[in-house]
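Each chain is listed here by its residues.
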Amino acid sequence: MAIPLWLTVGLLAGLWMPVSGALGVAPWPLFIAWAAFFAAGADMNAMKKVYPSLLLGVVCGYLTIYFGAIQLAPVLGTIGVPLFVGLFAALLVIMGKFNIFALTPAAFFGFAVYFGIGANLKATLIGLLLGPILGY
């Protein structure tokens, strides 16, 4: 007898709360990635769609902070981050034309999670990498 999906999701979501606390990371990035996985079809093909796009978004978020807030901040001042957010948001849409990055919403999820978690790469990656695995 298979365990009902609703029960599995509820148990895993509940268990993730103390695990994320023990790891010292916020729990919500995992739920964002989990939602992307379910939206993409919740199967092995969804994994192939979700991961490249999520990680593309994280890379673009990282590069936004690296260039806009660190490397070019003395030159660009306060317009650096908004400038790079705009550039990389456009890039995420352009990259969606390629099959490997076709799940554009997941790319924006990765981008947003990186900023929402305070540009903490470790916390971002833990949640985004584990979310689809738990969904599967």
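Preceding this paragraph is the structure being described.
Criteria and thresholds
- Residues numbered from 1 in each chain as written.
- Predicted model: local features only at pLDDT ≥ 70, side-chain atom pairs only at ≥ 80, totals over all residues.
- Heavy atoms only, no water.
- Helix = DSSP H or I, 4+ residues; strand = E, 2+ residues; numbered from the N terminus.
- Contact = heavy atoms within 4.5 Å.
- Core = buried A, V, L, I, M, F, W, Y, C linked by side-chain atoms within 4.5 Å.
- Buried < 20%, exposed > 50% of the residue type's maximum accessible area, 1.4 Å probe, protein only.
- Axes fitted to C-alpha atoms, helices over the stretch in contact; angles between N-to-C directions.
- Parallel < 35°, antiparallel > 145°, perpendicular 65-115°, else oblique.
- Left-handed = near helix turned anticlockwise from the far one by under 90°.
- Nonpolar A, V, L, I, M, F, W, Y, C, P; charged D, E, K, R; others polar.

## As for the side chain of S53
Along the chain, S53 turns up in helix α3 (residues 44-71). With near-sequence residues (within four places) excluded, S53 lies in contact with I100, F101, A102, L103, A106 and A107.

## So, the nonpolar core
Grouped together as the largest cluster of nonpolar side chains are 14 residues, with contacts concentrated most on V50, L54 and L128. Broken down by secondary-structure element, the contributors of at least two residues to this core are α2 (28-39), α3 and α6 (104-116). Residue contributions to this core peak at six residues, all from α3. Discounting chain neighbours no more than four positions away, the residues touching L128 are P29, A33, Y51, L54, V58, G110 and V113. C60, L92, A107 and F111 belong to the second largest nonpolar core, which has nine residues in total.

## Focus on the packing of α6 against helix α7 (residues 121-135)
Put simply, α6 and α7 touch, their axes get as near as 9 Å, and they point 140 degrees apart. Relative to α7, α6 is oriented oblique. The handedness of the crossing between α6 and α7 comes out as right-handed. Along its contact with α6, which presents G110, V113 and Y114, the element α7 presents L121, T124 and L128. In terms of residue class, the contact of α6 with α7 is built from four nonpolar, two polar and no charged.

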